[in-house]
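Tertiary structure, described
In case you want the letters, here they are:
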Amino acid sequence: MDPDQESSSPENKTRYVNGKTIVNWDYIASNGIIHVISEPLIAPPEPPSAIHAGIGLGIFVGVVILIIVLLLVGYYYYRNNKGLFHFRYFKETDEQQLVENETYDEM
């Protein structure tokens with residue numbers, strides 16, 4: 001190479017940074033190299049805020065508690081539901097229980 005030529009001369013290709021054309025490149029600065037681009041760079045969009053994992057667990061526990069409460073309410077409702085008419089079965093005993101009336105016997 002000829003020492004008079006710049007060692008950092010670019011090739012005749014168009015180069016891009018994030019879709020923006022590099023107009024001039026390799027300007028030496030005190031803190032690095034500067035590249036001039038055709039338009040300003042735009043910051044990427046913020047990522048969507050993630051919901052904390054504890055919220056999902058809290059929702060799950062709440063749903064489980066709600067289901068348990070509904071099952072208990074349904075159980076007590078059907079257990080204690082008094083309809084208009086129910087058949088009742090009485091046990092037959094061989095021994096009859098006699099109640100003594102003390103006032104009647106004393107007479």
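Residues numbered from 1 in each chain as written. Predicted model: local features only at pLDDT ≥ 70, side-chain atom pairs only at ≥ 80, totals over all residues. Heavy atoms only, no water.

**Quick look at the overall build of the protein**
- For the protein, the count of helices and strands is two helices and three strands.
- In the protein, the order of α-helices and β-strands from amino to carboxyl end is β-β-β-α-α.
- When the 107 residues of the protein are sorted by exposure, 3% land in the buried category.
- A fraction of 3% describes how many contacts in the protein between residues 6 or more apart in sequence connect residues 24 or more apart.
- Split by element, the accessible area of the protein, about 11400 Å² in all, is 59% carbon and sulfur. (Helix = DSSP H or I, 4+ residues; strand = E, 2+ residues; numbered from the N terminus. Buried < 20%, exposed > 50% of the residue type's maximum accessible area, 1.4 Å probe, protein only. Contact = heavy atoms within 4.5 Å. Areas by Shrake-Rupley, 256 points an atom, 1.4 Å probe, with all protein chains shown as cover.)

**Side note on the packing of aromatic side chains**
- Scanning the model with the defined rule gives two aromatic pairs in all.
- Ring centres 5.3 Å apart and planes at 70° place the aromatic pair Y75 and Y76 in the edge-to-face group.
- Geometrically, the ring pair formed by Y77 and Y78 is edge-to-face, given 5.2 Å between the ring centres and 75° between the ring planes.
- Its relative accessible area of 65% is what places Y78 among the exposed residues.
- When the ring centre of W25 is taken as reference, the NZ or CZ atom of R15 above it lies at 5.6 Å. (Phe/Tyr/Trp six-rings, centres within 6.5 Å; stacked < 30°, edge-to-face > 60°. Lys NZ or Arg CZ within 6 Å of the ring centre and 35° of its normal.)

**Quick look at the confidence of the model for the protein**
- Of the residues in the protein, 64% reach a pLDDT of 70 or more, and the chain-wide mean stands at 76.
- Within the protein, helix 2 (residues 102–106) has the poorest average pLDDT of any element, 59, and helix 1 (residues 53–80) the best, 90.
- Contacts of residues 1–8 to residues separated by more than four positions or lying in other chains number one contact, the stretch itself having pLDDT below 50. (pLDDT = per-residue confidence, 0-100.)

**A word on the pattern of salt bridges**
- The full count for this structure, using the stated rule, is one salt bridge.
- Here E39 ties to K20 by a salt bridge, and the two come within 3.6 Å at their closest N and O atoms. Here E39 is found in the loop between strand 3 (32–37) and helix 1, whereas its partner K20 is found in strand 2 (residues 20–29), with 19 residues between them in sequence.
- A relative accessible area of 44% means that E39 is categorised as partly exposed.
- For K20, a relative accessible area of 16% translates into the label buried. (Salt bridge = Lys/Arg side-chain N within 4 Å of Asp/Glu carboxyl O.)

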